[in-house]
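Coordinates in review
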Amino acid sequence: QVQVVESGGGLVQAGGSLRLSCAASGSRFSCSAMGWYRQAPGKKREVVAEITRGGITDDLDSVKGRFTISRDNSKNTIYLQMNSLKPEDTGVYYCHTDIMGRPFWGQGTQVTVSS
C-alpha cells in the first residue's frame, strides 16, 4: 500500500524558513512528477511547486525566488525549502504524486507564519 507522508511543518515568524519533506513509500515503482500543494483558510487547494523526475520545476509565481522544490528519485522523496516566509504562506501543505497513473496524496502538514 502506497503511503505519502509529509513532515517539517510548523510555526515560524515572518522571514523565517522551513523545510518540508515528503516520502512516498510502499511501491516498487518510481514516482513520476511530484509536487507540493497548499490550502489556505477559505481558499481552494493550489499548486505551489512541481518537479518532474528529470528535475524540471515549476513554481507558483508568488513563491518564486523564495521556495525551492527538489527531489531524490532513489527515495521517492521531495523537499520544499521555504525561505522568507510570509503570513500569506500559511496553510496546509500537501504532497502529491502519481504512481502508475494513480494519484496519491499525503495528509498534509500545517505551516503557520506569524506576522
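See the structure printed just above.
The following paragraphs examine the structure supplied in this document. Each chain carries its own residue numbering, running from 1 in the written order of its sequence. Totals for whole chains, interfaces and linings use all residues, but because this is a predicted model, local features are given only for residues with pLDDT of at least 70 and pairs of side-chain atoms are given and counted only at 80 or more. As a rule here, side-chain values come from all non-hydrogen atoms in the structure, and water together with hydrogens is ignored.

Focus on the pairing of strand β10 (residues 102–105)
Pairing between two strands is assigned when DSSP locates at least 2 bridges connecting them. A run of H or I in DSSP counts as a helix once it spans at least four residues, and a run of E counts as a strand once it spans at least two, with each numbered from the N terminus. Sheet topology places strand β9 (residues 91–99) next to β10; 4 bridges connect them, and they run antiparallel. For His96, the partnering residue across the bridge sits in β10 and is Trp105. Counting the residues that bridge the hairpin from β9 to β10 gives 2 residues, and of these Met100 lies at a positive phi of roughly 55 degrees.

Some remarks on the nonpolar core
Remark: nonpolar core denotes a set of buried residues (Ala, Val, Leu, Ile, Met, Phe, Trp, Tyr, Cys) joined through side-chain atoms within 4.5 Å. Under the scheme applied here, a residue whose accessible area is under 20% of the maximum for its type counts as buried, over 50% as exposed, and between as partly exposed, the area being computed with a 1.4 Å probe on protein chains only. By size, the foremost hydrophobic cluster in this structure holds 25 residues, and its most contacted members are Trp36, Val48, Phe67, Leu80, Met82 and Tyr93. At the level of secondary structure, the elements contributing two or more residues to this core comprise β3 (18–25), β4 (34–39), β5 (46–51), β7 (67–72), β8 (77–82), β9 and β11 (109–114). Looking at this core element by element, the count peaks at 4 residues for β3. Only heavy atoms matter for contacts: two residues are in contact if any of them lie within 4.5 Å across the pair. When sequence neighbours within four positions are dropped, the list of residues in contact with Phe67 reads Arg38, Val48, Asp59, Leu80, Gln81, Met82, Asn83, Leu85, Asp89 and Tyr93.

Notes on the environment of Val92
Along the chain, the position of Val92 falls in strand β9. Given a relative accessible area of 22%, Val92 falls into the partly exposed group. Between the C-alpha atoms of Val92 and Ser30, which are 62 residues apart in sequence, the distance is 25 Å. With near-sequence residues (within four places) excluded, Val92 lies in contact with Tyr37, Arg38, Gln39, Gly108, Thr109 and Gln110.

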